[in-house]
Amino acid sequence: MKRDEFDMVDREVMNILQSDFRLVSEPFQDIGDRCGLAESEVIDRVRELKRKNVVRQIGAIFDTRRLGYTSTLVAMRFADDCLDRGAQILNAHPGISHNYARNGEFNLWFTLALPPGKDIGAEVEKLTKLSGAETARLLPTIRFFKIGVNFDMVKNVSNATDYFVPDAKFARSGENGTTSNGVPVADENLSDFDIAFVREFQEDLPLKSRPFDAMAERLGLSVPELFAKADEMVNRRLMRRYAAVLHHRRAGFSANAMVVWNVPEVRSIEVGQKMAKHPAITHCYERPRYDDWRFSHFTMIHAVTHDECEDIALEIAGETELTDYQLLYSHREYKKTRVRYFVDDNIDVERAAVAAIG
């Protein structure tokens, strides 16, 4: 999609949807008041952005691990002529939310989240056989430094500044719902009503004047009580925020590089913190190494061009004095969606996979 397809008002609206969406009874009127638009025009603009698949979804962003789910990044290697079929089989799994073909030693990368009580290692082993992958590597988070996707559509730059863990080294285990490495841990006090709220609030926001009324009614709450519950969920770190997710390519950020770094163990925290401070970095994690995989730190860069990604990686390499790294570009998006929690947990993956490939 051409970047000049969006006028400045579209860009301002997308910025608000991503980073400053307020939980109020009439959110589109609120956006209109800030942009000098009528409520109906805001709704029309957002509807058009969704029709073009620039705005994917507007809804709550929950913390997978705090909800008791286990999750991991998975790298798989397929023969070139088996990649597309394997990816389509994997897409049938409800716990796979992001699935990309990338260059490099492993050519398919996806995220997998499973509800409480399921063995993620056994699930990946099953998916490896089912999809026909030659090999798979589980890459769960060891240390968490940052997650905060945000595209400044006015300035045309990635501006990811949220959820930076300022000093994971000194965080006390269990403080603020995380381990000493900043990795979220399950909330042991999750109630049936918490789960009902998650099921309701994770749905895509209807494009109407008072979109929260029906949600509140289904939960037996008033709208102010619904927002108070959302605040509680944020305070408990179960919910990160309420925001739109953009299709980064259609929004103009067509270069998507996962940069992997070989970082000496003694510098893990120092380097991770430096990387996380960069506004172009949307995700920063430390993950396991393997005999055939020497890279420990993973950073995501979204930019307009590959050259910009290369420049950002060089800048970070200079700041950290690291020379052993690779840029793994996504060249095909097979799936990108939010994890849907507490639904479809008992799906027959084998049957769904057969249906997916016809």
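Note: the structure precedes this text.
What counts as what
- Residues numbered from 1 in each chain as written.
- Predicted model: local features only at pLDDT ≥ 70, side-chain atom pairs only at ≥ 80, totals over all residues.
- Heavy atoms only, no water.
- Helix = DSSP H or I, 4+ residues; strand = E, 2+ residues; numbered from the N terminus.
- Buried < 20%, exposed > 50% of the residue type's maximum accessible area, 1.4 Å probe, protein only.
- Contact = heavy atoms within 4.5 Å.
- Areas by Shrake-Rupley, 256 points an atom, 1.4 Å probe, with all protein chains shown as cover.
- Phe/Tyr/Trp six-rings, centres within 6.5 Å; stacked < 30°, edge-to-face > 60°.
- Lys NZ or Arg CZ within 6 Å of the ring centre and 35° of its normal.
- Pairing = 2+ DSSP bridges.
- Axes fitted to C-alpha atoms, helices over the stretch in contact; angles between N-to-C directions.
- Salt bridge = Lys/Arg side-chain N within 4 Å of Asp/Glu carboxyl O.
- Core = buried A, V, L, I, M, F, W, Y, C linked by side-chain atoms within 4.5 Å.
- Parallel < 35°, antiparallel > 145°, perpendicular 65-115°, else oblique.
- Nonpolar A, V, L, I, M, F, W, Y, C, P; charged D, E, K, R; others polar.

Participant: Any chance you could explain the overall build of the protein here in plain terms?
Facilitator: Along its length, the protein carries 11 helices and 13 strands. Split into buried and exposed, the 358 residues of the protein put 54% on the buried side. Long-range contacts, defined here as pairs at least 24 residues apart, represent 76% of the contacts in the protein between residues at least 6 apart. Accessible area of the protein: about 15,800 Å², with a carbon and sulfur share of 49%.

Participant: In this structure, what is going on with the packing of aromatic side chains? I would like to understand it.
Facilitator: In this description, an aromatic ring pair is defined by two values, namely the gap between the centres and the angle between the planes. The tally for this structure, following the rule as stated, stands at 17 aromatic pairs. Their ring planes at 25° and their centres at 4.6 Å tell us that W261 and Y325 sit as a pair that is stacked. Of this pair, W261 sits in strand β10 (residues 255-261) while Y325 sits in strand β13 (residues 325-336), placing them 64 residues apart in sequence. Three or more aromatic residues link up through ring pairs in this structure, and these residues are F21, F197, F201, F212, F227 and Y242. Between R102 and the ring centre of Y100, over which it is positioned, the NZ or CZ distance is 5.2 Å.

Participant: Help me understand the sheet that holds strand β11 (residues 281-286) in this model?
Facilitator: Two orientations exist for strands paired in a sheet by backbone hydrogen bonds: parallel and antiparallel. Within the open sheet, the 9 strands sit side by side as β5-β2-β4-β3-β13-β10-β12-β11-β6. Their pairing is antiparallel. Strand pairing shows two members of the sheet lacking a second neighbour, β5 (135-139) and β6 (143-147), which therefore form its edges. In this sheet, adjacent strand axes meet at a mean angle of 25° when their direction is disregarded. The sheet contact formed by strand β3 (residues 96-102) and strand β4 (residues 108-114) spans 4 bridges and is antiparallel. In the sheet register, I96 faces β4, and the bridge partner there is L112. Docked against the sheet, helix α5 (residues 120-131) engages β2 (70-77), β3, β4 and β5, running at close to 30° with respect to β2. Running at roughly 5° to β6, helix α9 (residues 268-276) makes contact with β6, β10, β11 and β12 (297-303) of the sheet.

Participant: Looking at this model, I keep getting lost on the pattern of salt bridges. Mind explaining?
Facilitator: Two side chains that carry opposite charge are able to pair once their charged atoms sit near each other. Counting across every chain of the model gives 31 salt bridges. Here E48 ties to R51 by a salt bridge, and the two come within 2.7 Å at their closest N and O atoms. You can see E48 and its partner R51 sitting in helix α3 (residues 39-51), 3 residues apart, about one turn around the helix. For R51, a relative accessible area of 60% corresponds to the exposed category. The closest approach of N and O atoms between R56 and E333, which form a salt bridge, is 2.9 Å. You can see R56 sitting in strand β1 (residues 55-62) and its partner E333 sitting in strand β13, a full 277 residues away along the chain. Under the relative-accessibility criterion, R56 is labelled buried at 18%.

Participant: Where do I start with the pairing of β3 in this structure?
Facilitator: Strand residues, when the strand is regular, have side chains that alternate between the two faces of the sheet. Counting buried residues in β3 gives 6 out of 7 residues, a clear majority hidden from the surface. In this antiparallel pair of consecutive strands, β3 and β4, the connection spans 5 residues, and G104 shows a positive phi of 120°.

Participant: Please clarify how helix α2 (residues 27-35) should be interpreted in this entry.
Facilitator: An α-helical turn contains 3.6 residues, so any two residues separated by three or four positions project in the same direction. Buried residues of α2: P27, F28, D30, I31, G32 and C35, and no others. Each element contacted by the buried residues of α2 is listed here: α1 (8-19) and α3. Within two residues after α2, G36 carries a phi angle of roughly 75°, on the positive side.

Participant: Explanation requested: the nonpolar core in the structure shown.
Facilitator: For soluble globular proteins, the rule of thumb is that nonpolar side chains tend to be buried together. With 45 residues, the main nonpolar core has F62, F201 and Y242 as its most contacted residues. Of all the secondary structure elements, the ones that give two or more residues to this core are α1, α2, α3, β1, α6 (192-201), α7 (213-219), α8 (223-235) and β9 (239-246). In contact with Y242, other than residues within four places in its own chain, are F21, L23, I58, G59, A60, F201, E203, L205, F212 and M215. Listed in part, the 24 residues of the second largest apolar core include A257, C284, I312 and A317.

Participant: Where do I start with the pairing of β12 in this structure?
Facilitator: Of all 7 residues making up β12, 7 are buried, and the element is well covered by its neighbours. Of the two faces of β12, the one holding H297, T299, I301 and A303 and the one holding F298, M300 and H302 are both buried throughout. Here 7 bridges tie β10 to β12, and the two strands are oriented antiparallel to one another. Across the sheet, M258 pairs through a bridge with M300, a residue of β12. Bridge count for β11 against β12 is 5 bridges, and the pairing is antiparallel. When the sheet's bridge partners are listed, E286 is paired in β12 with H297.

Participant: Hey, could you run me through the packing of α1 against α3 in this one?
Facilitator: When two helices pack together, their arrangement is given by the angle between their axes and by how far apart the axes lie. Interaxial distance between α1 and α3 falls to 11 Å at its minimum, and their mutual angle equals 85°. The angle between the axes of α1 and α3 places the two elements in the roughly perpendicular class. Only R45, V46 and L49 of α3 make contact with α1, whose side of the interface consists of V9, D10, V13, M14 and L17. Class assignment of the residues belonging to the contact of α1 with α3 gives a composition of 6 nonpolar, no polar and 2 charged.

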